[in-house]
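# Residue-level structural notes
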Amino acid sequence: MLGSGQLGRMFTVVARRMGYHVHVLSPASGSPTGQLADREVVAAYDDADAVARFASGVDVVTLEFENIPSASLDAAAARAPVRPGVFALHATQHRAREKRFLAGLGVPHVPFAEVAAGGDLDAAIGEVGTPCVVKTAGFGYDGKGQVRVDGDRGRAEARALAAGQAVVVERFLELEAELSVVAARGLDGSVATFAPARNRHERHILDLSSAPAPVARAVAERAREITVAVLEGLELIGVACVEFFLEPGGRLSVNEIAPRPHNSGHLTIEGAETSQFEQQLRAVTGLPLGSAAPRRPAAMANLLGDLWSGAPPDGAPGVAPDWAAALAEPGVALHLYGKDAARPGRKMGHLTATADDLQEAEARVLRARERAARGHGAAPS
Ligand code: ADP
Ligand code: MG
């Protein structure tokens, strides 16, 4: 496993349950994945020699972090199969390449213009029109590296963003909902799509996901069809997530692709026949994929560091929320990622609730989180 956060950790839980050994390459020791893996190798992602040595010691390389430099990926691929695959990673590591890939497939995406580092940003904004969002082409996550431009508002900030790096300018869409489809593609080329999730963000960070999303059947089917086309087009082996924007008229467009398990797929652990992490394991080891059918309606709420009282600026671990209060709510599961310091905005864990219907699952998970936040310090961190 290249990358050592919560996605690698949840993969490792499944892999070890099924008798596999997991080695993880991590930039720091004692990582969320390293705590559970058989072996944690501490090295920087851009240390191609270390990545090569690491890959020599395993049967297959997968990842939970897509921004691994291409020299390191090539070094790994020379020693072991890299799944999802070097092409899939190259196409999805850069927003402009990703959009060109989508356009080539004939898949609907957000209208955009590309600007090279130091290029003519104003011309691109003029072409797309405002309101628009200027996003760095590489290394964006949780809304980082994005500036909204409305008329003249935000232009100076956008110019500063675009001065030293390539950006894309996207039309800012009015959204009815945000959806995502997590899917797996096996070594034999078969694809299994999970039910679409509906996602709500707070401060650009995913806050609440629920599935199966309450959308028209035609919208759900279209989203799944597009997802299959994307995974096949990428020739990806493993798990990926396609994020969609749904506009009020029913128009669906792809926002972005993550070539790995996704935060909106965490609810598959309790909500689906096979979790996204087991699908990743099955795909990269050449096993048949499991059923991606839903078991029960499920909702997931992220637990950010903000919930820990007395968290940094001072770097203190913070006092944990009241998990006992959260778990008194029926149908709720707690997942904590083993991160030491609770910083604002840092994903520390999540709660998932299942119920007979989606509304009840959402109500349960939000109540559980609310109860946890109200009663600090009653349980160990
Ligand atoms: P990240 O890599 O941070 O997830 P995204 O491109 O998915 O970046 O943007 C994060 C969030 O910002 C989206 O989920 C959506 O809520 C909002 N957003 C981004 N681009 C647009 C857009 N073109 N129109 C409307 N909302 C957008
Ligand atoms: Mg996103």
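Anyway, here's the lowdown on the structure attached to this text. The shown structure was predicted, so the numbers you read here are calculated from the model rather than taken from an experiment.

Analysis parameters
Residues numbered from 1 in each chain as written. Chains lettered and ligands numbered in written order. Predicted model: local features only at pLDDT ≥ 70, side-chain atom pairs only at ≥ 80, totals over all residues. Heavy atoms only, no water. Salt bridge = Lys/Arg side-chain N within 4 Å of Asp/Glu carboxyl O. Helix = DSSP H or I, 4+ residues; strand = E, 2+ residues; numbered from the N terminus. Buried < 20%, exposed > 50% of the residue type's maximum accessible area, 1.4 Å probe, protein only. Core = buried A, V, L, I, M, F, W, Y, C linked by side-chain atoms within 4.5 Å. Contact = heavy atoms within 4.5 Å. Polar contact = N/O pair within 3.5 Å; in protein donor to acceptor, adjacent residues only side chain to side chain. Near = heavy atom within 4 Å. Areas by Shrake-Rupley, 256 points an atom, 1.4 Å probe, with all protein chains shown as cover. Nonpolar A, V, L, I, M, F, W, Y, C, P; charged D, E, K, R; others polar. Domains from an automatic or database assignment.

## Points about the pattern of salt bridges
One pass over the structure, following the stated rule, counts 25 salt bridges. Across the pair R16 and D38 runs a salt bridge, and its minimum N-O distance is 3.4 Å. Of this pair, R16 sits in helix α1 (residues 6-17) while D38 sits in the loop between β1 (23-26) and β2 (39-42), and the two are 22 residues apart along the sequence. By relative accessible area, R16 is classed as partly exposed at 38%.

## A short note on the nonpolar core
One finds V230, L234, F244 and V254 to be the most contacted residues of the largest nonpolar core, which totals 24 residues. Breaking this core down by element, the ones donating at least two residues are α4 (86-92), α5 (95-105), β7 (177-185), α8 (217-234), β11 (238-246) and β12 (252-258). Looking at which element gives the most residues to this core, the answer is α8, with six residues. Those residues within four positions of F244 in sequence are excluded, and the remaining contacts are A177, E178, L179, S180, V181, A223, I226, T227, L252, S253, V254 and N255.

## Let's talk about the environment of D120
You can see D120 is positioned in the loop between β3 (112-115) and α6 (121-128). According to the relative accessible area criterion, D120 is exposed, its value standing at 53%. Put simply, D120 and A163 are 43 residues apart on the chain and 9.8 Å apart in space, counted from C-alpha to C-alpha. From its side chain, D120 meets the backbone nitrogen of A123 in a polar contact 3.1 Å long.

## Section: the site of ligand 1
Around ligand 1, the structure places 20 residues, and the nearest of them are K135, G143, E178, N255 and E256. At 3.0 Å from a nitrogen atom of ligand 1 is found a main-chain nitrogen or oxygen belonging to L173. The contact in question runs from an oxygen atom of ligand 1 to an N or O atom on the side chain of H201, over 3.4 Å. For ligand 1, the accessible surface in isolation is 540 Å², of which the surrounding protein chains cover 92%. Residue classes in the shell around ligand 1 are distributed as six nonpolar, six polar and eight charged. Counting residues domain by domain, the shell around ligand 1 receives three or more from each of domain 2 (111-171) and domain 3 (177-374).

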